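If you want the building blocks of each chain, they are given just below.
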Amino acid sequence: MWYNLGKWVLRNRLPLIIVIILSTAFMTFFASKVQRSYDFAKAIPVDHPKYLAYEAFKQKFGEDGSLLVVGFEKKDMFQLPFFQSFTALQKEIKKVTGVEDVLSISAAVNLMKDSATEKLKTTLVFPENIQTQQVLDSSKQVLLNLPFYKGLFYNPESSVYMIAIRLNKEVLNSKARHTSVDGIVKLVKAFEEQQKITMHLSGLPHVRTEMSTRIAAEMQYFLLGSVLLSAIILLVFFRSFSAMWLSMGVVVIGVIWSLATMVFFGYKITILNALIPPLMVVIGIPNCIYFLNKFHTEYKKTGDKQVSLINMIGRMGIVTLFCNIAAAIGFAVFALTKSQILREFGIVAGINIMVLFVISFTLIPIVLSYLPVPKQKHVRYLENERLNRWIMRIENWVFNHPKYIYTATVILIIVSAMGVLRLKSVGFIVDDLPKNDKLYVDLKFFEKHFSGVMPLEIVVDTKRKQGITRKISNLTNIDSLVTYLQSRPEIGKALAVTEGLKFAKQAYYDNDSNMYTVPNEFDLAFLAPYLRMKADSNSKNNNFVKLVANFMDSTQQKARISVNMADVGSDSLPKILAEVQQKAELLFNNDSLEYAAAISKGEIKPAEIDSSRLKRSADIQLTGTSIIFVEGSSFIINGLKESIFWAFLLIALCMLYLFRSVRILICSLIPNIIPLVITAGVMGWVGIPLKPSTVLVFSVALGIAIDVTIRFLINYKQELPLHKYDVRETVKQTIRHTGISIIYTSLVLVAGFIIFCLSGFGGTQALGWLTSLTLLVAMITNLVLLPVLLITTSKKMTKFS
């Protein structure tokens, strides 16, 4: 069949190449429309309870990740010239497109009691256009007397101050975000240079903008780098510019089609699918090497270009097909997960790997048919003496030292297994960045002085209207939970409706800071006219009502507690959240919990159970970006683990269909399992944790490494009848016929992945060197261990089993 396909391709070469050119031109148009993603990647399904809870929270209370923060340390903050410049900076930032509000100590407000109107009026702590040091010093004392702002906008122990900048939701999720964030960064840097102090920027808008910019830049660099590196290797290998340009044409077409596929499916460039274009280059080059190597081998043997091309397609068509199917499976299994970011990556990569096969299968023989016949220098690599000496050494080890090979393999597996036991699963929101990266350093600055900037939201649902304000115990419990949260070193200043009430109580008692406590029933009776918690005609102009409204819903049934926390990692975060949840349950639902415990201990007879006492007083929901991160990280890791299982299963079925032999199937899987075990062991010994970027290595490497096995075994199958089913002789000839191309192909793949080590993201670096390590080990196991397994497990056969 494959020989007939070869004849058909060459017979219809002109219309086929026209179709390829026109279709690629069409795809180029769509590829030019690919866009970057400005949303956080949806790592968990949109129907997941945690995701639904987060969306419900955003609809009721607004975005939780819209703050960009600017911080600095300044001992003499309240010197007039500096403070005036600081205030001017805040005003300039407020003019930036997309900025909705700018909060800091210079914009702090104080509540003042107006006994005549029985209202709380707001006044600026620092009047506008302060002109004298005396006024500034007086205002400073007012600020220091307001506990509400301590730990929120300044840290008195370290003299660190912060500006919180709230960005518009629509701007955050569009390309306009770059304009807004860049405008803020430009102003902050100008202030930094003017005042000679170090400024720190963080917050999710800044992190997301910086990360997406770097991803886009890296994709271009890696794509260019992988193309240039592959071109150099091909030129050195084949000593032919025509072979190099042909191969480059194949992979460039593959890149164009992959970008166009993203547009067709409505996908955008994320940190994961940004790897696809360079991967198309890395995976496409072996196709070219396989076809060109077989063409040169056949031409050297026959001296007839037409016959060589037909034999090339006939012998290598099935090899390349199943190699690409195996590679496609390694990526496409991600589409079986429920994680959107993995599905997008799997679908686009899987489809375009098969597109690469079609392009290679048609374009390479067609172009070769138009080119002049190979010259002697173009096929000289087939007689590379150095490589041939290595091939002979491999033969010697395979046939004369199988026990040493098995012993070394067992030792490596044992050592690697010990390393696997040391593996840990942990991830951080910005752990893919180097520790000396400005983005990482700034995040740690805010963690040190304000306990972090990662949003965590707690929603208390009292399950009845006005349940927050009508029941004083609920306010007391909220304050107790806030106190507990602030006692934890990884959690910063908490904001809740109780903080507003404490602020109001302090104002009512003539700004006595000792009165910054939750109002009791006695206090509320006096405060009620000032609080005006019920909506009235003047409530729209009451700034205190606006403040409180941010932390309660319109029915006063649900209250929100907002905190920022450190990026503690996916290992510690679930434990912290569980402790917070437990504390909240004890505060709000202690009676029902104790009653349920008494029932479970048998202290209350079934007939005496009062079901009403089992009802919970309040539902506690933890949500926010931090929750979505930990759930997403766990979901991706579990999805990747499942994808490895499916990749093994599907690849095993392909191998079983291809060779129709359980013995061959087992022999083929062992040399590919061992490299994965060794890589996992290295990760354990080196201390690289399991996280989405590192778990990705195993499925990707399996799909690519199995290509070498297929290449070897198909040649083995084709050679076996020619040597009267003599397994030892067939293995020897297979090593000689495939060894050089396997070594070259593996080196090209390693070079293609090594380029990812130049990334600024730790995860991409790990993907680069861990995949390269896996492929190198797979090359060795397929050239050394696989032949030994074939000989050891072979029986006296009269035909291929």
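Please refer to the structure higher up on the page.
Keep in mind it's a predicted model, so treat the numbers as computed, not measured. (Residues numbered from 1 in each chain as written. Predicted model: local features only at pLDDT ≥ 70, side-chain atom pairs only at ≥ 80, totals over all residues. Heavy atoms only, no water.)

A look at the side chain of aspartate 523
Here's step 1: Structurally, aspartate 523 can be placed in helix H19 (residues 521-531).
Here's step 2: Its relative accessible area of 5% is what places aspartate 523 among the buried residues.
Here's step 3: At 3.0 Å, the side chain of aspartate 523 and the side chain of lysine 505 are in polar contact. (Helix = DSSP H or I, 4+ residues; strand = E, 2+ residues; numbered from the N terminus. Buried < 20%, exposed > 50% of the residue type's maximum accessible area, 1.4 Å probe, protein only. Polar contact = N/O pair within 3.5 Å; in protein donor to acceptor, adjacent residues only side chain to side chain.)

Remarks on the sheet that holds strand E10 (residues 619-623)
Here's step 1: Sheet architecture is open: three strands sit in the order E9-E8-E10, paired in antiparallel fashion. The open sheet terminates on both sides in strands that have one partner only, identified here as strand E9 (558-565) and E10. Neighbour to neighbour, the strand axes of the sheet diverge by 15° on average, direction disregarded. (Pairing = 2+ DSSP bridges. Axes fitted to C-alpha atoms, helices over the stretch in contact; angles between N-to-C directions.)

Quick look at the pairing of strand E8 (residues 454-461)
Here's step 1: Most of E8 sits inside the fold, with eight of its eight residues counted as buried.
Here's step 2: Direction of pairing for E8 relative to E9: antiparallel, over a ladder of eight bridges. Across the sheet, proline 455 pairs through a bridge with asparagine 564, a residue of E9.
Here's step 3: Here E8 runs beside E10; their pairing, made up of five bridges, is antiparallel. Paired with valine 459 across the strands is glutamine 621, a residue of E10.

Here's the deal with the nonpolar core
Here's step 1: Counting residues in hydrophobic clusters, the biggest one holds 256 residues, and the most contacted among them are Ile105, Tyr149, Ile165, Phe331 and Ile561.
Here's step 2: Sort the elements by how many residues they give to this core and helix H24 (residues 692-719) lands first, with 16 residues.
Here's step 3: Contacts of tyrosine 149, omitting those with residues within four sequence positions, involve Ala108, Val109, Leu143, Tyr154 and Phe503. (Core = buried A, V, L, I, M, F, W, Y, C linked by side-chain atoms within 4.5 Å. Contact = heavy atoms within 4.5 Å.)

Some points on the packing of helix H10 (residues 276-302) against H24
Two quantities define a packed helix pair, namely the angle between the axes and the distance from one axis to the other.
Here's step 1: For the pair H10 and H24, interaxial distance at closest approach is 11 Å and the crossing angle is 15°. Taken together, the axes of H10 and H24 lie roughly parallel to each other. Seen along the crossing, H10 lies across H24 with a hand that is right-handed. Contacts between H10 and H24 involve Ile283, Tyr290 and Asn293 from the first element and Ile704, Asp707, Val708 and Arg711 from the second.
Here's step 2: Of the residues that constitute the contact of H10 with H24, the class distribution is four nonpolar, one polar and two charged. (Parallel < 35°, antiparallel > 145°, perpendicular 65-115°, else oblique. Left-handed = near helix turned anticlockwise from the far one by under 90°. Nonpolar A, V, L, I, M, F, W, Y, C, P; charged D, E, K, R; others polar.)

Re the pairing of strand E6 (residues 160-167)
Here's step 1: With seven of eight residues buried, E6 lies mostly within the body of the structure.
Here's step 2: In this sheet, E6 lies alongside strand E1 (residues 67-73) in antiparallel orientation, the contact comprising seven bridges. Bridging from a neighbouring strand, valine 69 pairs with alanine 164 of E6.
Here's step 3: Summarising the sheet, strand E2 (residues 99-103) and E6 pair through four bridges and their orientation is antiparallel.

Notes on helix H13 (residues 385-400)
Here's step 1: Taking 1.5 Å of rise per residue, 16 residues should cover 22 Å, and H13 covers 22 Å from first to last C-alpha, within 8% of that figure.
Here's step 2: Within H13 the residues assigned to the buried category are Leu387, Ile391, Ile394, Glu395, Val398 and Phe399. Buried residues along H13 cover an arc of 115° about the axis, so they all sit on one side. Opposite the buried face of H13, at more than 90 degrees from it, the exposed residues are Glu385 and Arg386.
Here's step 3: Residues of H13 that are buried sit in contact with helix H14 (402-420), helix H25 (727-754) and helix H26 (762-793). (Expected span 1.5 Å × (residues − 1). Arc of directions from axis to C-beta.)

Quick word on empty space enclosed by the protein
Here's step 1: Applying the stated criterion across every chain, the model contains four cavities of 30 Å³ or more.
Here's step 2: Ile215, Glu218, Met219, Phe222, Ile271, Ala274, Leu275, Phe761 and Thr764 are the residues that line the largest cavity.
Here's step 3: Residue classes in the lining of the largest cavity are distributed as seven nonpolar, one polar and one charged. (1 Å grid on protein atoms, 1.4 Å probe; cavity = no way out; pocket = protein on both sides within 12 Å on 5 of 7 lines; lining within 4 Å. Points joined across faces, edges and corners; volume = space filled by probe spheres on them.)

A short note on the environment of threonine 679
Here's step 1: Here threonine 679 lies in helix H23 (residues 662-686).
Here's step 2: Relative accessible area serves as the criterion here: at 0%, threonine 679 is assigned to the buried category.
Here's step 3: Sequence-wise, threonine 679 and phenylalanine 635 are 44 residues apart; in three dimensions their C-alpha atoms are separated by 22 Å.
Here's step 4: Leave out the neighbours within four places in its chain, and threonine 679 touches Phe698, Leu770, Leu773 and Thr774.

A closer look at the packing of aromatic side chains
Here's step 1: For the structure on display, the rule yields 30 aromatic pairs.
Here's step 2: Centroid distance phenylalanine 72 to phenylalanine 82: 5.9 Å. Interplanar angle 65°. Geometry classified as edge-to-face. Here the residue phenylalanine 72 occupies a position in strand E1, and phenylalanine 82 occupies one in helix H4 (residues 80-94), the gap between them amounting to 10 residues.
Here's step 3: Judged by its relative accessible area of 0%, phenylalanine 72 is buried.
Here's step 4: Every member of this aromatic cluster is reached through a ring pair, and the members are Phe72, Phe78, Phe82, Phe83, Phe86, Phe126, Tyr154, Tyr161 and Phe191.
Here's step 5: Directly above the ring of tyrosine 370 sits arginine 13, whose terminal nitrogen or CZ lies 4.0 Å from the centroid.
Here's step 6: Taking the ring centre of phenylalanine 399 as reference, the NZ or CZ of lysine 732 above it sits at 5.6 Å. (Phe/Tyr/Trp six-rings, centres within 6.5 Å; stacked < 30°, edge-to-face > 60°. Lys NZ or Arg CZ within 6 Å of the ring centre and 35° of its normal.)

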